[in-house]
Every structure is written in C-alpha cells, then in structure tokens.
Amino acid sequence: MEIKKMAKQGNKEALQVLAKQLVQLRKQKTRSFATSSQISAVGSQAKAMKSNVKMAQAMGTTTKVMQGMNAAMNPQQVAKTMQEFERQNARMEMSEEMINDTLDEILEDSGDEEEQDQIVQQVLDEIGIEVSGKMATAPTAHRGALGEASKAKPAAATDDDIEKLLAQLKS
C-alpha cells in the first residue's frame, strides 16, 4: 500500500527504500520458517536420543537381572530335579494303578452281582412275576413287513380274549 502510494506521488527514493524493506522482510520470513523447522528437527532428535538412552538403560537392567538368574540357576541341577520328578510321578502312577486293581479285585470277588440278582429275583417274586417261565410263553412280534399283518386279516380279539390274557399274566 505504501509502495503504491509513493509510486503515484513519484517519490522514487522512498519507493526504493520501501521495496528494499519488503524484500528484506520476505527474506526474514523465509529464514524464520527455516529456523523454526530446524528447531523442530532438533527437538525431534533430542526426543529420539532420550528414547534411545531409556532403552539402553532398560537393556542394561535386563542384562543384570538375566546375569543374576543365570548365576542363581544351575541348569544341570534343574534337569536333575525334573528327571527326579518324572521318576517319582511314574512311581506314583504305578502305585495308584496297583491300588485300583486290588480294589477292583476285592469288590468283584465280594459276590455283589449274585446278591444283586437275588434281590431282583426276590422283588419280582413278591410282585408275582416269574421271568424265566413267562418269557418262553410270551407272544412274539410278527416278522413280516410292516403293515402286512393288519392288511391281511383284521384283528378279531374280543373282550373275553383280552381278559383271559390278562388273567394269565397275573398268575
């Protein structure tokens, strides 16, 4: 604005001074942006260096802990302990199997099955069912194809026949 004003007035000296100031101001603005970028880059590098230092410290601490663990742990002793554990575990499993086998033999030889059969027979006798005798005379299912028997001859059972069958089952 000032430059245009001086140009209209014809003041060439003032116009040149203002133009020179404008050029210097533009250069200063460019340098300011460049410096700001450089400062940001330095800040980023400082953060990266700080992170690297922290990581190196953590790695140092981890190394010390690992050295302590390696010094405290004897790999041969650990392997020996693991082998002893395996041996004792196998021994315990064999003992448990022998005990279970012995218990099974004792329980099987006790006559439980015979006693169970006697109780079942006694209950069936009390309610009047003779299993072995009635099973032989029990009616059997027709062995033909399904539905053939009902198509071939209709059922002619009367009430008297059904009552006789019921009486036979009760006796």
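Residues numbered from 1 in each chain as written. Predicted model: local features only at pLDDT ≥ 70, side-chain atom pairs only at ≥ 80, totals over all residues. Heavy atoms only, no water.

S.K.: Mind showing me how you'd approach the overall build of the protein here?
M.R.: Of regular secondary structure, the protein possesses seven helices and zero strands. N-terminal to C-terminal, the α/β element order of the protein is α-α-α-α-α-α-α. For the protein, buried positions account for 1% of its 171 residues. Approximately 16300 Å² of the protein is accessible, and the part contributed by carbon and sulfur atoms is 59%. (Helix = DSSP H or I, 4+ residues; strand = E, 2+ residues; numbered from the N terminus. Buried < 20%, exposed > 50% of the residue type's maximum accessible area, 1.4 Å probe, protein only. Areas by Shrake-Rupley, 256 points an atom, 1.4 Å probe, with all protein chains shown as cover.)

S.K.: Can you help me understand a nonpolar patch on the surface in this one?
M.R.: On the surface, Ile99, Leu103, Ile106 and Leu107 cluster together into a nonpolar patch covering about 400 Å² of accessible area. The topology assignment puts Leu103 in helix H3 (residues 75-108). With relative accessibility at 44%, the residue Leu103 sits in the partly exposed group. (Patch = residues over 30% accessible without salt bridge, like charges linked within 9 Å, V, L, I, M, F, W, Y side chains within 5 Å. Salt bridge = Lys/Arg side-chain N within 4 Å of Asp/Glu carboxyl O.)

S.K.: What exactly am I supposed to notice about the packing of helix H1 (residues 2-9) against helix H2 (residues 12-72) here?
M.R.: Interaxial distance between H1 and H2 falls to 9 Å at its minimum, and their mutual angle equals 160°. By the angle between their directions, the pair H1 and H2 is classed as roughly antiparallel. Seen along the crossing, H1 lies across H2 with a hand that is left-handed. Contacts between H1 and H2 involve Glu2, Ile3, Met6 and Ala7 on the former and, on the latter, Ala14, Leu15, Leu18, Ala19 and Leu22. (Axes fitted to C-alpha atoms, helices over the stretch in contact; angles between N-to-C directions. Parallel < 35°, antiparallel > 145°, perpendicular 65-115°, else oblique. Left-handed = near helix turned anticlockwise from the far one by under 90°. Contact = heavy atoms within 4.5 Å.)

S.K.: Just checking my understanding: could you explain a negative patch on the surface for this structure?
M.R.: Where like charges cluster on the molecular surface, the negative patch consists of Glu93, Glu96, Glu97, Asp101, Asp104 and Glu105. Within the secondary structure, Glu96 is located in helix H3. On the basis of relative accessible area, Glu96 is assigned to the partly exposed category, the value being 47%. (Lys, Arg positive; Asp, Glu negative; His and termini not counted. Charge placed at Lys NZ, Arg CZ, Asp CG, Glu CD.)

S.K.: What should I look at first to understand helix H7 (residues 159-170) in this one?
M.R.: Every α-helix winds through 3.6 residues per turn, so residues three or four apart in the chain are directed the same way. Compared with an ideal rise of 1.5 Å per residue, which puts 12 residues at 16 Å, H7 spans 17 Å between its outermost C-alpha atoms and is within 8% of the ideal. Along H7, only zero of the 12 residues are buried, which leaves the element largely exposed. (Expected span 1.5 Å × (residues − 1).)

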